[in-house]
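# An overview of the molecular structure
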Amino acid sequence: MKELWFDPARVLIGGDWAATEAVLPVEDPSTGAGVAEIARGGAAEIDAAVEAARKALAGAWGALDATERGRLLARLGRLVEERAEALARIEAQDVGKPLKQARAGALALARYLEFYGGAADKLMGETIPYRVGYTVYTLREPHGVTAHIIPWNYPMQIIGRSVGAALAMGNACVIKPAEEASLTALAFARLAQEAGFPAGAVNIVPGLGEEAGAALAGHPGVQHISFTGSVPVGSLIQAAAATNVVPVTLELGGKSPQLVFEDADLDAALPFLVNAGLQNAGQTCSAASRILVARARYDEVVARMAERYRAAQVGPALGDHDLGPLISGKQKSVVQGFLDRAEGLEVAAEGQVVGDAPAGGHFLAPRLLAGAGPDHVLAREEIFGPVQVVIPFDDEDEAVAIANGTDFGLVASVWSASGARQMRLAKRLRAGQVFLNTYGAGGGVELPFGGVGKSGHGREKGFEALYGFSVLKTVAAHHG
Ligand code: ADP
């Protein structure tokens, strides 16, 4: 891949880039061709990376004050911005993401670094009124070594929100990117070095989930784990964290609904209804995969969404179509497996794969499914592909019951002209984020984000992440 300005078949441990015995191939999902190789780190590399992080905390990195940490993050943000086009092209080829969306990812990474750079020296403790003769205050301290297990769908953005916040609070990080998409994570580590982060503050060990990932999650030298990915692996990560009694942040996806009431402004809603389902070919934790519509507007919403689906073009990532391919052949067969179980649903519309799409690419035409009852498997389980189901409801209570009726609770939105209904539903919907007359989980680095139920727990993004990536210490002085 010509945009790579470094050798990706290496791990970064304690400031040194080292080769591993084995490597993993990198496939371009738009063509199916091998385009690079990455290191296949394992338990030995994870041990070394955790040790390097521990040393950084005891050394130069731990000695920096908060303002200096903030400056380093800000400098890293500017380097990301300068390289944004190369980073976008790398992520487009690694993930199969249309170039425009990959560019947005690079700029979001830069923005996270700017935000957390600015925030690094602004999180304050409190003084607490206590008995006469005492002064009591709180300190916010880093956990120590933090583990960051990253998925393949938004590597740059998820590194920004997780590693950015952890570094701002003074933690030393070990990153395990996804085996399907490690290249921009490696580029990030490279740029962190260029920005001047002391050796060991940022370490990265690419490799398989069951090798490097499991070794990192279970490592007794790790003091906090943040994980974004699937529910079964999230459950394993939490079990590993329980063994070592360390805190864990889990972001595990969802089945997020958008609720369209009879008084909704459909012209405003439509782009959000469709884009929030098709962005990144639906491989988005906060994808709006369920559209719940008041029966009076149901046919109209299905017809207008269908128009947009029919116009949606799927093609190679660098061609910058509306959708790119799915990440892998495996993911395509998972999504196809769901579509094979769509009995009882009506195919309201399909998009089109462009004529000149390479035969080896993992392309799948997006599909809009109507007539779903809330209990249909496609209306309950996360598909992680370009598929949305439209479900009718009769009144507000039924809409809330359907919206809250899955195991997940990540994001929800309400489209209605009634302010009272918006306020009511913001409270009644079971989700970590509720949007009123908009939908934009991806946007807004300032907005705390995370789930309830099987969508996970803990909050990332915004200031809230800084609380998660730090430990509160209470100091009580008796001076008489
Ligand atoms: P997906 O199903 O979307 O690929 P996963 O949950 O399998 O999501 O993967 C998310 C991240 O978790 C990746 O970095 C992957 O390598 C890692 N991972 C997978 N299995 C394990 C495991 N057993 N222990 C730790 N990390 C894992």
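All of the points below concern the structure found in this document. (Residues numbered from 1 in each chain as written. Predicted model: local features only at pLDDT ≥ 70, side-chain atom pairs only at ≥ 80, totals over all residues. Heavy atoms only, no water.)

## Observations regarding empty space enclosed by the protein
In this approach a probe as big as a water molecule rolls over the atoms, and the regions it shows empty are the leftover space. The following threshold applies: A pocket, in this scheme, is an open set of points on a 1 Å grid over the protein atoms alone with protein on both sides within 12 Å along at least 5 of 7 lines, while a cavity is a set where a 1.4 Å probe fits but cannot get out; residues line either one if an atom lies within 4 Å of a point. Grid points are joined across faces, edges and corners, and a volume is the space filled by probe spheres set on the points. Each residue receives one of three labels: charged for Asp, Glu, Lys and Arg, nonpolar for Ala, Val, Leu, Ile, Met, Phe, Trp, Tyr, Cys and Pro, and polar for the others, Gly being one of them.
Applying the stated rule across the entire model yields two cavities of 30 Å³ or more. Around the largest cavity, the lining is made up of 13 residues, and of these Gly282, Ala287, Ser289, Ile383 and Phe384 lie nearest the centre. Counted by class, the lining of the largest cavity contains five nonpolar, six polar and two charged residues. A volume near 60 Å³ is recorded for the second largest cavity. Along the walls of the second largest cavity sit 14 residues, with Pro257, Ala403, Phe408, Gly409 and Arg430 positioned nearest its centre. Grouping the constituent residues of the lining of the second largest cavity by class yields seven nonpolar, four polar and three charged.

## Thoughts on the pattern of salt bridges
For clarity, the threshold we go by: Any carboxyl oxygen of Asp or Glu that lies within 4 Å of a side-chain nitrogen of Lys or Arg is treated as forming a salt bridge with it. Secondary structure elements are taken from DSSP: a helix is a run of H or I of four residues or more, a strand is a run of E of two residues or more, and numbering for both begins at the N terminus.
Using the criterion set out here, one finds 25 salt bridges in the structure. Salt-bridge contacts for arginine 54 lead to glutamate 51; the nearest nitrogen and oxygen are separated by 2.8 Å. Placement of both arginine 54 and glutamate 51 in helix 1 (residues 43-58) is noted, with a separation of three residues, approximately one turn of the helix. Between aspartate 121 and lysine 122 there is a salt bridge; the shortest N-O distance is 2.7 Å. A cluster of three or more residues bridged by salt bridges with shared partners is formed by Glu262, Asp263, Glu396, Asp397, Arg421, Arg424 and Arg428.

## With respect to unusual backbone geometry
To keep things clear, this is the line we draw: Partly exposed residues are those whose accessible area sits between 20% and 50% of the maximum for their type, while under 20% is buried and over 50% is exposed, using a 1.4 Å probe and protein chains only.
Of note in the backbone geometry, phenylalanine 384 takes a positive phi value of approximately 60 degrees without being a glycine. Along the chain, phenylalanine 384 turns up in the loop between helix 13 (377-380) and strand 18 (387-393). Residue phenylalanine 384 is classed as buried on the basis of its relative accessible area, which comes to 17%. Within the chain, lysine 461 stands out as a residue other than glycine whose phi angle is a positive 75 degrees. On the secondary structure map, lysine 461 appears in the loop between strand 21 (456-457) and helix 16 (464-468).

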